[in-house]
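Commentary on secondary and tertiary structure
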Amino acid sequence: MLPALAPAQAKAFKSGTDYLTLDTPALVEAPTGQIEVVEFFWYNCSHCNAFEPMFDTWAKNVPKDVVVRRIPVAFQANFEPQQRLYFVLEALGKVDEVHKKVFNAIHVEKQQLNTIEQITAWVEKQGIPKAKFTELFNSFSVATKARKATQLQNAYVVDGVPSEIGRAHV
């Protein structure tokens, strides 16, 4: 059976069909010699919700030369509160603890987490102090990360989620 795979593997990949060549290369944050894999997601996306457990398992078992980053998208301005939610969780060191719970709240419990008010009320129930969350949510650093996330999403021409991009930093 393995020889039957050889013709498929020998096929040359073609730009525009099998992959997209960027006009301007996007910045890679991984150190030289490392491979960076970026997962673009949106908490309200049902496909992202279904994919998250598989991606999380894979991400926790990557080789040492692979760096994984998650980037919340903002295809529209009203996506930004969820972008900022992710970056606040990151700043608090709570991604491992709360990230999956956000997906669950939206897709299983059918909670609306689209505005700062809805998100703040929900995170407070997760044991995150409202004042600390609000301070970080409105901080320059979180606003900057959200802006850079959207710039990266645009640089990679992400038009749907979940999307995974891998690139070596040479």
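So, here's what we can say about the structure. (Residues numbered from 1 in each chain as written. Predicted model: local features only at pLDDT ≥ 70, side-chain atom pairs only at ≥ 80, totals over all residues. Heavy atoms only, no water.)

Some points on the state of the cysteines
Basically, it comes down to this: When two cysteine sulfur atoms are found within 2.5 Å, that pair is recorded as a disulfide. Using a 1.4 Å probe on the protein chains alone, a residue whose accessible area is under 20% of its type maximum counts as buried, one over 50% counts as exposed, and one in between counts as partly exposed.
Within the structure shown, the criterion is met by zero disulfides. Between C45, a free cysteine, and C48, which holds the nearest cysteine sulfur, the sulfur-to-sulfur gap is 3.1 Å. According to the relative accessible area criterion, C45 is buried, its value standing at 8%.

Brief notes about the pairing of strand β1 (residues 35–41)
We apply this condition: Numbering goes from the N terminus for both helices and strands, where a helix is a DSSP run of H or I of at least four residues and a strand is a run of E of at least two. If DSSP finds at least two bridges between two strands, the strands pair. Crossovers are marked right-handed if the path from the first strand over the helix to the second runs clockwise, as seen with the strands pointing away from the viewer.
Burial analysis of β1 places six of its seven residues in the buried class, which makes it a mostly covered element. Sheet topology note: the β1/strand β2 (residues 66–72) ladder contains seven bridges and is parallel. Paired with V37 across the strands is V68, a residue of β2. Handedness of the crossover is the feature at issue here: the chain leaves β1, passes through helix α2 (residues 46–59), returns alongside β2, and the resulting connection is right-handed.

Some words on the packing of α2 against helix α4 (residues 95–107)
This is how the line gets drawn: Under this scheme, a helix contributes an axis fitted over its contacting stretch, all axes are lines through C-alpha atoms, and angles between N-to-C directions fall in the 0 to 180 degree range. Oblique is the label for every angle not falling under 35 degrees (roughly parallel), over 145 degrees (roughly antiparallel), or within 65 to 115 degrees (roughly perpendicular). Left-handed is the label given to a crossing in which the near helix is rotated counterclockwise from the far helix by less than a right angle, and right-handed is the label when the rotation is clockwise. Whether two residues touch is decided by their heavy atoms; if any such pair falls within 4.5 Å, the residues are in contact. Under this grouping Gly is polar, as are all residues other than the nonpolar Ala, Val, Leu, Ile, Met, Phe, Trp, Tyr, Cys and Pro and the charged Asp, Glu, Lys and Arg.
At a closest axis distance of 10 Å, the pairing of α2 and α4 adopts a crossing angle of 150°. With respect to their mutual orientation, α2 and α4 come out roughly antiparallel. Our pair here, α2 against α4, has a crossing hand that is left-handed. Contacts between α2 and α4 involve S46, C48, N49, E52 and D56 on the former and, on the latter, H99, K100, F103 and H107. Tallied by class, the residues present in the contact of α2 with α4 amount to two nonpolar, four polar and three charged.

Thoughts on the packing of aromatic side chains
Note the cut-off: Each Phe, Tyr or Trp ring, with Trp reduced to its six-membered ring, pairs with another whose centre is within 6.5 Å; inter-plane angles below 30 degrees give stacked pairs, above 60 give edge-to-face pairs, and intermediate values give tilted ones.
One pass over the structure, following the stated rule, counts eleven aromatic pairs. Note on W42 and F79: the rings are 4.1 Å apart at their centroids and 5° apart in plane angle, and the pair reads as stacked. With W42 in the loop between β1 and α2 and F79 in the loop between β2 and α3 (80–91), this pair connects stretches of sequence that are 37 residues apart. Residue W42 is classed as partly exposed on the basis of its relative accessible area of 23%. Overall, F79 belongs to the buried group, its relative accessible area being 6%. An angle of 65° between the planes, with centres 5.0 Å apart, marks the rings of Y43 and F103 as edge-to-face. Pair noted here: Y43 is in the loop between β1 and α2 and F103 is in helix α4, with a separation of 60 residues, a long-range link.

Describing the sheet that holds β2
Sheet strands pair via backbone hydrogen bonds, and the direction of the pair is either parallel or antiparallel. A sheet is described by the order of its strands in space; here three strands give the open sequence β2-β1-β3, paired in mixed fashion. Among the strands making up the open sheet, the edge pair consists of β2 and β3 (163–168). Mean inter-strand twist for the sheet, computed between neighbouring axes without regard to direction, equals 20°. As defined by bridge partners, β1 adjoins β3 across six bridges and the pair is classed as antiparallel. Paired with E36 across the bridge in β3 is R167.

A closer look at the side chain of E36
Put simply, the test is: Counted as a polar contact is a pair of N or O atoms within 3.5 Å, where, for protein atoms, one must be capable of donating a hydrogen and the other of accepting one, and residues adjacent in sequence contribute only when both atoms are in side chains.
By secondary structure assignment, the location of E36 is in strand β1. Among the polar contacts listed, one links the side chain of E36 to the backbone nitrogen of E29, at a separation of 3.0 Å.

Section: the environment of W58
Following the sequence through the fold, W58 ends up in helix α2. Separated by 77 residues in sequence, W58 and E135 place their C-alpha atoms 33 Å apart. Beyond its immediate stretch of four places on either side in the chain, W58 contacts V37, V66 and V68.

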